[in-house]
Structures are given as C-alpha cells and as structure tokens.
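Examining the three-dimensional arrangement
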Amino acid sequence: QQQVKQSPQSLIVQKGGISIINCAYENTAFDYFPWYQQFPGKGPALLIAIRPDVSEKKEGRFTISFNKSAKQFSLHIMDSQPGDSATYFCAASSGGFKTIFGAGTRLFVKA
Amino acid sequence: GAVVSQHPSWVICKSGTSVKIECRSLDFQATTMFWYRQFPKQSLMLMATSNEGSKATYEQGVEKDKFLINHASLTLSTLTVTSAHPEDSSFYICSASSSLGVWNEQFFGPGTRLTVL
C-alpha cells in the first residue's frame, strides 16, 4: 500500500500548547519520513525529517517521534505560536524518490 | 537550504492557449525534478517525475500530451500546459532533488497559480 494516512484533518491549539499530528503508513520499504509546512499560496517547506533507524528527532520546538513496529510517526510542536498556523503534510518515500504525501493537517494556533 | 524558484508566480490565460511554467534550482544541480498539482485545501498530487536529459515519467491519469515536461538541464525544468481549459486551473508546484544531497530530500518551489478563463 502506498498511502500515508494523516490525522487530524484540522487542529486548534492555544498559544503555548503542544500540537500533535499523526501519520501511519503501510509500505515497509519507506525509509525517509519528512514533514512539510505550507502557508497559503506558498510551496511546502521542509520542516524536519527522520529515518527509521532512530525513534526520535528534535529540532528546536519540532520533534518527530517514530514507531517502526507500529508503522506510525508523529510531529510534535512544542510551545505552539500563532506563526505556526499553517498546513502540515507528512510524507514517506523510498529509494525511487517518489514521495507519498498525507492529506494534510490545518493547524490554527489561537493567540 | 537549497533554493528552487518558479516563474511565473501566477498566470491568467484564455481557454485554448498554452502556458509554460519554469522551475529552476538556483544553487544546486537537480538530477530529478517533480511536478505537483494542488487543489484548494487538498494535498499535493504528483503529476510527473523528470530526470535531466530523459523523458518524464507521468503518473497514471495525467495526460502526457496536455502537460509537457522538459528537463533540459540540471537547473531547469519546464511544464507546458497545452490548450488550457478552466479545469486546468490549479496551483502547480515543482520540487527538485539532487543525488549529491540528502537522499530523497526534495526542495519545493513557491508554486504557480494558473487561472484559465
């Protein structure tokens, strides 16, 4: 299966709170799992990415948690800020470079 | 990070005309470029993958004769929407990756908004 299932579809978080977005995949051949942030009218920008040989990666306020056995990975945004309000896409790819994107999560951080 | 540009950022054209969109990698050589289409509030839909000097590989359901892709150099790929119709109106995004960089990492352009009247 080539799908990457992403949830929730939308998320409202208070400023300073933690935003959590989850993704699940089926294809065990996937070996690269990036997260992209997209603002309206703009192209996606790589936020953070992880490979399946590690269970967690942290960059600033953004953390990816990866569970290889469950074939799930999640994005945690700590101390969420209004400027984080955007659409977030998880993705997965393998050696063929083709990237499969999740459906996206629209995050709104209330001031 | 690597920079990818697209031109134009937006275009309005009449039905039946052709529109060319350029995608450039500004500070690296892109061995592979991808073209995506995105409808409002939806995810990215891969249209085709192109490698420099080779014919593009189109995804199932994408008309090759309608969406012409040329990857003539390691820094430039073009998408030409031929005989555009209102249903072709969409947000088109390119991305580029390099075999010399982080494996599978794609860098996206800012997108091109196409409106066909």
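Notes on the structure in this doc start here. Computed from a predicted model, the values in this text were never measured in an experiment.

**Points about the overall build of chain B**
Regarding its fold elements, chain B presents zero helices and eleven strands. The helix and strand sequence of chain B, counted from the amino end, reads β-β-β-β-β-β-β-β-β-β-β. Computed over C-alpha atoms, the radius of gyration of chain B comes to 13 Å, within 12% of the 13 Å expected from 2.2 N^0.38 for 117 residues, which places it in the range of a compact globule. Looking at chain B as a whole, 52% of its 117 residues qualify as buried. Long-range contacts, defined here as pairs at least 24 residues apart, represent 55% of the contacts in chain B between residues at least 6 apart. Total accessible area computed for chain B in this model is approximately 5,800 Å², and 54% of it derives from carbon and sulfur atoms. Taken as two groups, the 9 positive and 9 negative side-chain charges of chain B have centres that lie 7 Å from each other.

**Examining the sheet that holds strand β8 (residues 76-81) of chain B**
All names here are of chain B. Across the sheet, four strands lie side by side as β1-β3-β8-β7; this open sheet has antiparallel pairing. One side of each edge strand has no neighbouring strand; the edge strands of this open sheet are β1 (4-7) and β7 (67-73). Taken pair by pair, the neighbouring strands of this sheet meet at an average axis angle of 15°, ignoring direction. Examined bridge by bridge, strand β3 (residues 19-25) and β8 share six bridges and lie antiparallel to one another. Counterpart to E22 in the pairing with β8 is T78.

**A closer look at the state of the cysteines**
Residues and elements named next belong to chain A. As enumerated under the stated definition, the model contains two disulfides over all chains in all. At a sulfur-sulfur separation of 1.9 Å, the disulfide partner of C23 is C90. Disulfide C23-C90: torsion about the S-S bond near -95°, hence left-handed. One end of the pair, C23, is in strand β3 (residues 19-25); the other, C90, is in strand β9 (residues 86-93), and 67 residues separate them in sequence. Here C23 and C90 have matching classes, each one buried.

**Some thoughts on the environment of B:I93**
Summarising the element assignment, B:I93 is placed in strand β9 (residues 90-97). Each C-alpha atom of the pair B:I93 and B:Y36 lies 5.0 Å from the other, and the pair is 57 residues apart in sequence. In this structure, B:I93 is in contact with A:Q38, A:P44, B:Q6, B:F34, B:W35, B:Y36, B:Q38, B:L44, B:F108, B:G109 and B:G111, ignoring residues within four places of it in sequence.

**Observations regarding the sheet that holds strand β8 (residues 72-77) of chain A**
All names here are of chain A. One open sheet accounts for five strands, arranged β1-β3-β8-β7-β6; its pairing is antiparallel. If you trace the sheet from one side to the other, it starts and ends with β1 (4-7) and β6 (56-59), each paired once. Along the sheet, successive strands turn relative to each other by an average axial angle of 15°, direction set aside. Here β1 pairs with β3 via four bridges, running antiparallel. Note that in β3 the partner of Q6 across the bridge is C23.

Calculation notes
- Residues numbered from 1 in each chain as written.
- Chains lettered and ligands numbered in written order.
- Predicted model: local features only at pLDDT ≥ 70, side-chain atom pairs only at ≥ 80, totals over all residues.
- Heavy atoms only, no water.
- Helix = DSSP H or I, 4+ residues; strand = E, 2+ residues; numbered from the N terminus.
- Rg over C-alpha atoms; globule rule 2.2 N^0.38 Å.
- Buried < 20%, exposed > 50% of the residue type's maximum accessible area, 1.4 Å probe, protein only.
- Contact = heavy atoms within 4.5 Å.
- Areas by Shrake-Rupley, 256 points an atom, 1.4 Å probe, with all protein chains shown as cover.
- Lys, Arg positive; Asp, Glu negative; His and termini not counted.
- Charge placed at Lys NZ, Arg CZ, Asp CG, Glu CD.
- Pairing = 2+ DSSP bridges.
- Axes fitted to C-alpha atoms, helices over the stretch in contact; angles between N-to-C directions.
- Disulfide = S-S within 2.5 Å.

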